[in-house]
Amino acid sequence: MLEPHTFLCQFQQAFALVGLRRNAVDQVHLLQLAQRHVQRLLAHAEQFQQLLHAQGRVARDKKYDALVHPAQAAAFEHFIGFGSERLVAEEERLHRLLLAALVFKVKHVDVSIQAVVISVNQFDVFPTGFATGDLMAFSERVTRLKSSLIREILAAAQRPQVMSFAGGLPAEAMLPALQWEGMPLNIGQYGMSEGEPQLRELLAAEARALGVPCQASQVLVVSGSQQTLDLAAKLYIDKGTKILLEGPTYLAALQIFQLFGADCLTVQLEADGPDLASLRTNLERHRPAFIYLIPTFQNPSAVRYSEAKREAVAALLDEFGVTLIEDEPYRELTFDGGSAKPIVGRLNKASWIYTGTVSKTLLPGLRVGYLIASPDLFPHLLKLKQSADLHTNRVGQWQAMQWIGTQKYQQHLVQLRSFYRERRDAFQAALLRHFGELADWQVPQGGLFFWLTLKQPLDTRTLLAPALDQDVAFMPGEPFFSEPDQHLGSLRLNFSHIDPSRLDEGLKRLAAVVCQAQHAQAA
Ligand SMILES: Cc1ncc(COP(=O)(O)O)c(C=O)c1O
């Protein structure tokens, strides 16, 4: 008897349940079911049993065998078939095992004229022990939900002895203290989906000062700029929708866009912005639904687009009429004083969404961000916001209002920049000591990250476990690409959060892990 685990390991091919439509009477219960109901029907062992019995009746009708293995020429008595001949031979035994030990995640139900085909992949088969509650009733899109590597690494890095270069966290020392005096009591009441009117005015004024032509009516306060990406994904992405992203790009953007089924195309990043030839080709050939860019101190690469590239990108998007989503959480964290007009402010025709946050300058725990959208997009985003969470938390919005547009905020930003500049410099010095022979990098002029490219590439995901064994956490570079396996050999290192007294030791240990892996690879 195969154990469930062995079964999962051996079960390399997809298999399918096929219901021929010839026997209208016996098939009708299947065909009348919506795809989702079929999924639900197959979701639980007991319901599956019911289906089995129903089909058993059909199967007894020799004239119209109802469900057959697709690879079988002749109709088959049993209604589950497997993708390999050997397994077909063991069909009945495995069938029993499946019912006893496993449940299915039905991947795809194709109700065609000829047949109902329910295909199930090896990854859609779970031992019942893992199938809690209504797992099998989850939506089809959940099969695409990847866990965020960064969340997992951060969880592992919770141990106090761990030296973490992994997250994008502000330094604790620079989190401003919250004041509660003067907060109106009715702030606890429900608020407007658009956000607090005064905050919208303040944000619109700030954006206009940067060169984004907008009114407060175009500002939507969101629960962190991550929510902008969620709303945009809902607005634009169906399964297979083509979108264009920088390579590398923000991990959690990939996560949400892929969840909704996007076909993520990549435009390569150069030191001063995207490769323009590749951008033009992608726009021309694929007409993506939108392009998502982080032009100022990009996460993870720290790239800041040049003036020329900003202009060129805007011109191309106008030419092809492709919507721009411009994400700028790091704009204010500039170390050389440079500040460039956002790309959305350079567009003449294309639709756009500009998004920012207080997470990197004030407190990420407030969960206050904003989006500003071109007037054609705003009403749709507002409705999506309403259906997502009614409105962003008003206490956080009130706190943000105590800062945005004030002198106090400007002073805080000056301190923040100088604090992070010092950390950047210390990090650069330590990197030169430990990684000079191992990697190449640009010194970031802002933001929170160094992006290292190993001189001798290897899959940096394999370094994670040995690094954590040495109490060091970092972010492997591969997951920042939609095709990770084609981009081996980069690391993202956060320099803002680590205690300077532990910086040198942390990088020393990480370099040793890299060296060891490279020697092992060479051997
Ligand atoms: C590029 C980028 N966009 C969005 C976010 C999300 O920020 P928020 O805390 O505002 O949701 C981050 C956070 O790290 C980020 O790096």
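All residue numbers refer to position in the chain's written sequence, counted from 1. Reporting of local features is limited, given that this is a predicted model, to residues whose pLDDT is at least 70; pairs of side-chain atoms are given and counted only at 80 or more, and all residues count toward the totals for whole chains, interfaces and linings.

Participant: Any chance you could explain the overall build of the protein here in plain terms?
Facilitator: Numbering of helices and strands starts at the N terminus; helices are DSSP runs of H or I of at least 4 residues and strands are runs of E of at least 2. What the protein contains, in helices and strands, is 17 helices and 19 strands. Buried means a residue has 20 or more other C-beta atoms within 10 Å of its own C-beta, exposed means 12 or fewer, and partly exposed covers the counts in between; C-beta atoms are placed from the backbone. Every one of the 523 residues in the protein was classed for burial, and the buried ones make up 42%. Residues are defined as contacting one another if the C-beta atoms placed from their backbone atoms lie within 7 Å. The contacts in the protein between residues at least 6 apart in sequence include a share of 71% that link residues at least 24 apart.

Participant: What should I look at first to understand the nonpolar core in this one?
Facilitator: Looking at soluble globular proteins, one finds that nonpolar side chains tend to be buried together. Only buried residues count toward a nonpolar core: Ala, Val, Leu, Ile, Met, Phe, Trp, Tyr and Cys, linked into one set through C-beta atoms within 7 Å. By size, the foremost hydrophobic cluster in this structure holds 65 residues, and its most contacted members are I243, F257, L324, L371 and I372. Here the limits of each domain have been adopted from an automatic or database domain assignment. Two domains each provide a minimum of three residues to this core, namely domain 2 (149–172 + 409–522) and domain 3 (191–405). Not counting residues within four places of it along the chain, the set of residues in contact with I372 comprises A207, V212, C214, Q218, V219 and Y354. Formed by 40 residues, the second largest nonpolar core is a distinct cluster that contains Y330, L416, L452 and L464.

Participant: What am I meant to see in helix α15 (residues 407–435) here?
Facilitator: An α-helical segment advances 3.6 residues per turn. Residues three or four places apart therefore align on the same side. Working rule for helices: expected span equals 1.5 Å times residues minus one. Here α15 spans 40 Å end to end across 29 residues, near enough to the 42 Å set by a 1.5 Å rise per residue. Listed as buried for α15 are Y409, L416, Y420, R423, R424, F427, A430, L431, H434 and F435. Looking at the buried positions of α15, the neighbouring elements they touch are β15 (439–440), β16 (449–454) and α17 (500–522).

Participant: Which parts of the structure should I look at to understand the site of the ligand?
Facilitator: Near the ligand lie 13 residues; those nearest to it are G224, Q226, N299, T357 and S359. As a working rule, the residues Ala, Val, Leu, Ile, Met, Phe, Trp, Tyr, Cys and Pro are called nonpolar, Asp, Glu, Lys and Arg charged, and the rest polar, with Gly in that last group. Residue composition of the shell around the ligand, grouped by class: four nonpolar, eight polar and one charged. Using the backbone to place each C-beta atom, any residue with that atom within 6 Å of a molecule or strand is considered near it.

Participant: Looking at this structure, I do not really get the environment of A340. What am I missing?
Facilitator: With respect to the element layout, A340 can be found in the loop between β12 (323–327) and β13 (352–357). Note on A340: 19 C-beta atoms within 10 Å, which makes it partly exposed. As a C-alpha pair, A340 and L210 span 130 residues in sequence and 7.9 Å in three-dimensional space. Residues within four places of A340 in sequence aside, it is in contact with T296, E307 and R310.

Participant: Explanation requested: the sheet that holds strand β9 (residues 263–270) in the structure shown.
Facilitator: Whenever strands of a sheet pair, they do so through backbone hydrogen bonds, lying parallel or antiparallel. The sheet built from eight strands is open, its strands ordered β7-β14-β13-β12-β11-β8-β9-β10 with mixed pairing. Both edges of this open sheet fall to β7 (219–222) and β10 (273–274), since each of them pairs with a single strand only. Pairing between strands is defined by DSSP: at least two bridges between them are needed. Alignment of β9 against β10, held across two bridges, turns out to be antiparallel. Of the residues in β10, the one forming a bridge with E270 is G273.

Participant: In this structure, what is going on with helix α14 (residues 394–401)? I would like to understand it.
Facilitator: Within α14, six of the eight residues are buried, which leaves the element mostly enclosed by the surrounding structure. Where α14 is concerned, the buried positions are R394, G396, Q397, W398, Q399 and A400. The elements touched by buried residues of α14 are α8 (197–210) and β7.

Participant: Mind showing me how you'd approach the pairing of strand β14 (residues 369–373) here?
Facilitator: In regular strands, side chains alternate between the two faces of the sheet. With respect to burial, β14 is a largely interior element, five of its five residues being buried. The two faces of β14 match: G369, L371 and A373 on one face and Y370 and I372 on the other face are all buried. Sheet topology places β7 next to β14; four bridges connect them, and they run antiparallel. Note that in β14 the partner of V219 across the bridge is I372. Relative to β14, β13 runs antiparallel, the two being bridged by five bridges. Each bridged residue has a counterpart across the sheet, and for Y354 the counterpart in β14 is I372.

Participant: Any chance you could explain the pairing of β16 here in plain terms?
Facilitator: Among the six residues of β16, five are classified as buried, and the element is accordingly described as predominantly covered. The sheet contact formed by β15 and β16 spans two bridges and is antiparallel. Each bridged residue has a counterpart across the sheet, and for A439 the counterpart in β16 is L454.

Participant: Is there a simple way to explain the packing of helix α9 (residues 225–236) against helix α10 (residues 251–259) in this structure?
Facilitator: Any two packed helices are characterised by the angle at which their axes cross and by the distance between the axes. At their nearest, the axes of α9 and α10 sit 9 Å apart, and the two run at 25 degrees to each other. As summarised for this structure, α9 and α10 are arranged roughly parallel, according to the angle between their axes. Along this stretch, α9 crosses α10, giving a crossing that reads as right-handed. Together, Q226, L229, D230 and A233 of α9 and A252, A253, I256 and F257 of α10 make up the contact between the two elements. By residue class, the composition of the contact of α9 with α10 is six nonpolar, one polar and one charged. Every axis corresponds to a line fitted to the C-alpha atoms, with the helix fit spanning only the stretch in contact, and the corresponding angles, defined between N-to-C directions, vary from 0 to 180 degrees. Just so you know how the angles are binned, under 35 degrees is roughly parallel, over 145 roughly antiparallel, 65 to 115 roughly perpendicular, and the rest oblique. Crossing handedness is read from the near helix: turned anticlockwise from the far helix by less than a right angle, it gives a left-handed crossing, and turned clockwise, a right-handed one.

Participant: What is the right way to read the confidence of the model for the protein from this model?
Facilitator: A residue's pLDDT is the confidence the predictor assigns to it, expressed on a 0 to 100 scale. Mean pLDDT for the protein: 79, with 72% of residues reaching 70 or above. In this model residues 1–136 is a low-confidence stretch, pLDDT under 50, and it forms 166 contacts with partners more than four residues away in sequence or in other chains.

Participant: What exactly am I supposed to notice about the environment of R141 here?
Facilitator: Tracing the backbone through its elements, the reader meets R141 in the loop between β5 (125–127) and α7 (149–156). Overall, R141 belongs to the partly exposed group, with 13 C-beta atoms counted inside 10 Å. For R141 and G261, which are 120 residues apart along the polypeptide, the C-alpha to C-alpha distance reads 7.1 Å.

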